[in-house]
Structure formats: C-alpha cells, structure tokens
Amino acid sequence: MTLLLLIRHGLNDFVGKRLAGRLDGVHLNRKGRAQATRLTQILAEVPIKAIYTSPLERAVETAQPLAQAHNLSLRVQPGLIEIDYGRLQGRSGAQLKRLAIWKTVQQTPSAVRFPEGESFQEAQQRAVTALEEIHAAWEENDVVACFSHCDIVRLALTYYLQMPLDAFQRLTIDPGSISLVQRWKGSVRVLGVNHATLLGVSVLQPPRQKKKASLRRQHTTELPSNNYPL
C-alpha cells in the first residue's frame, strides 16, 4: 500500500497577502521554519523512502529538514510546482478581488485560464500525472513525502475524492499541513486531509495530550484562512 504524504510548504510573508505563484525568492519566514521543524518531529519515526518537492524555494526549504533527518536526497518534481498564475502572480489580495476573473476563480474555477498562465484543469492534470508517476515508482508498502502548494494539493485531493473541480476550494490546506493518499491494489483511498503540524496533529503520530486542551488550541490557532490561493 503506497502511502503519499501530500505536504504544503510552510508559512512565508506572501501567505494571506499576495499571490506568490512562481515568483523567485519567496522564502519561509520564522513561523514557516518552525513548521518545517515540527514536520520533521512528527514524521521522525515514519519509514519514509523518498522525498519529492516542487522546485520553488518555499517548498524545498520545508522539505530539507525532513530529508536531512532521514538521510535522503531531495527529488525535485516539476509536476508539483505551483499553478502558473501568469500576469496575476505577485498581486495583493485587494487587487485580485477587483478583477472580474477573480470572481470566476471563486465561483467557476473550471472555466478559468490565467492570462499568460495555465488553467486549473491543466494544473490538476499535471499534478495528478506527477503523483501517479511517483506511485508507480515505489512498492506497495512504501511511504513517500511530496512537498507542494495549497491549490496543487487541493486539486489532487479533489481528483482522488472524485469531486467536481469547481468544488476544490471547499478543501482547506493550511501551511505545513499533511494530507494522505494511499494506493492499494489499483484503488485509491484518501486517509486524511489537512493535518496541521502547528497543532501537532497527525494520523501517523497522534499527539499525547488531553482532548480538551487539544480542542482549545484548535479554536485559537493563528493559521491563516485561504479565501484565495496564496
């Protein structure tokens, strides 16, 4: 049963403010580096066989501590890169909301092609193709980590859950979170979505704490919401 860990990169200064897209030089901030460290702690005892990452800095920086802890080399997988938002990348949330195309992004994303960029359908297809290639490269009992971006993880999960593409934004994928997709005997199972590392939550390694304390932290977390993909 090959298990893919779909991991969104950690926080950076663009999250919740600007559409980073494929811009160069977007690095993890202090909280993002803490999330990368927390990921390493959560996955310390998991027998990870390989680590794949989007080529963008924020994904690579999130993956590096885990790779070092497991003595693995990072495998850059271009198919895991962020959506090509074309001329929209770098714009602020306020600027995006004033654009007619942004209303379509929220209401009917399947109809959107970003100017000088790609469509959500194309992004979903190449992300799933990359994940299927990774699935095929490993044995049934292997665990493989894949570091990518919010919308790429959401689009992949939407495909595996057989949801319509227009519903993909119903899924929340927080920075530094883990989602789990398992392939077994030709079928696919989604075992978990958006397990947040800042809360110490993982189906792989449940936190040892009282239930009330855990619930209290979940209600007071400062993780940003994703009303638009950043």
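All of these numbers come straight from a predicted model, not from anything done at the bench. (Residues numbered from 1 in each chain as written. Predicted model: local features only at pLDDT ≥ 70, side-chain atom pairs only at ≥ 80, totals over all residues. Heavy atoms only, no water.)

Caption draft 1: A look at the packing of helix H1 (residues 30-42) against helix H2 (residues 57-69). The N-to-C vectors of H1 and H2 enclose an angle of 35 degrees; their axes lie 8 Å apart at closest approach. Note on packing geometry: the crossing formed by H1 with H2 is right-handed. Seen from H1, the contacting residues are Ala 36, Leu 39 and Thr 40; seen from H2, they are Glu 61, Thr 62, Pro 65, Leu 66 and Ala 69. (Axes fitted to C-alpha atoms, helices over the stretch in contact; angles between N-to-C directions. Helix = DSSP H or I, 4+ residues; strand = E, 2+ residues; numbered from the N terminus. Left-handed = near helix turned anticlockwise from the far one by under 90°. Contact = heavy atoms within 4.5 Å.)

Caption draft 2: Quick peek at helix H5 (residues 120-137). Compared with an ideal rise of 1.5 Å per residue, which puts 18 residues at 26 Å, H5 spans 26 Å between its outermost C-alpha atoms and is within 8% of the ideal. Along H5, the positions that sit buried rather than exposed are Phe 120, Ala 123, Gln 124, Arg 126, Ala 127, Val 128, Ala 130, Leu 131, Ile 134 and His 135. Against the buried residues of H5 lie strand E1 (2-8), strand E2 (48-53), helix H4 (100-107), strand E4 (143-148), helix H6 (150-160) and strand E5 (177-184). (Expected span 1.5 Å × (residues − 1). Buried < 20%, exposed > 50% of the residue type's maximum accessible area, 1.4 Å probe, protein only.)

Caption draft 3: Highlighting the nonpolar core. Ranked by size, the top nonpolar core spans 18 residues in total, and within it Leu 6, Leu 131 and Cys 146 carry the most contacts. Contributing elements (two or more residues each) for this core: E1, E2, H5, E4 and H6. Element by element, the count of residues in this core is highest for H6, at 5 residues. Apart from residues no more than four positions distant in its own chain, Leu 6 is found in contact with Leu 131, Cys 146, Val 153, Ala 156, Leu 157, Ser 177, Ile 178, Ser 179 and Val 181. (Core = buried A, V, L, I, M, F, W, Y, C linked by side-chain atoms within 4.5 Å.)

Caption draft 4: Geometry of the sheet that holds strand E3 (residues 74-76). Pairing is mixed in the open sheet, where 6 strands are placed in the order E3-E2-E4-E1-E5-E6. With partners counted over all chains shown, the strands left at the sheet margins are E3 and strand E6 (187-196), one partner each. Strand-to-strand, the axes of this sheet are offset by a mean angle of 25 degrees, without reference to chain direction. In this sheet, E6 lies alongside E5 in antiparallel orientation, the contact comprising 7 bridges. Bridge pairing links Trp 184 to Ser 187 in E6. (Pairing = 2+ DSSP bridges.)

Caption draft 5: Structural view of the packing of aromatic side chains. Overall, the coordinates contain 4 aromatic pairs when judged by the stated rule. Considering the side-chain rings of Tyr 85 and Phe 114, the 5.0 Å spacing of their centres and the 80 degrees angle between planes classify their relative orientation as edge-to-face. Separated by 29 residues along the polypeptide, Tyr 85 in the loop between E3 and helix H3 (93-97) and Phe 114 in the loop between H4 and H5 bring together distant segments of the chain. Among the residues examined, Phe 114 registers a relative accessible area of 1% and is labelled buried. With a centroid separation of 5.1 Å and 50 degrees between ring planes, the pair formed by Phe 120 and Phe 168 is classed as tilted. With Phe 120 in helix H5 and Phe 168 in the loop between H6 and E5, this pair connects stretches of sequence that are 48 residues apart. The pair formed by Phe 120 and Phe 168 is uniform in burial state, with each residue classed as buried. (Phe/Tyr/Trp six-rings, centres within 6.5 Å; stacked < 30°, edge-to-face > 60°.)

Any functional reading would require information that these geometric values do not contain.
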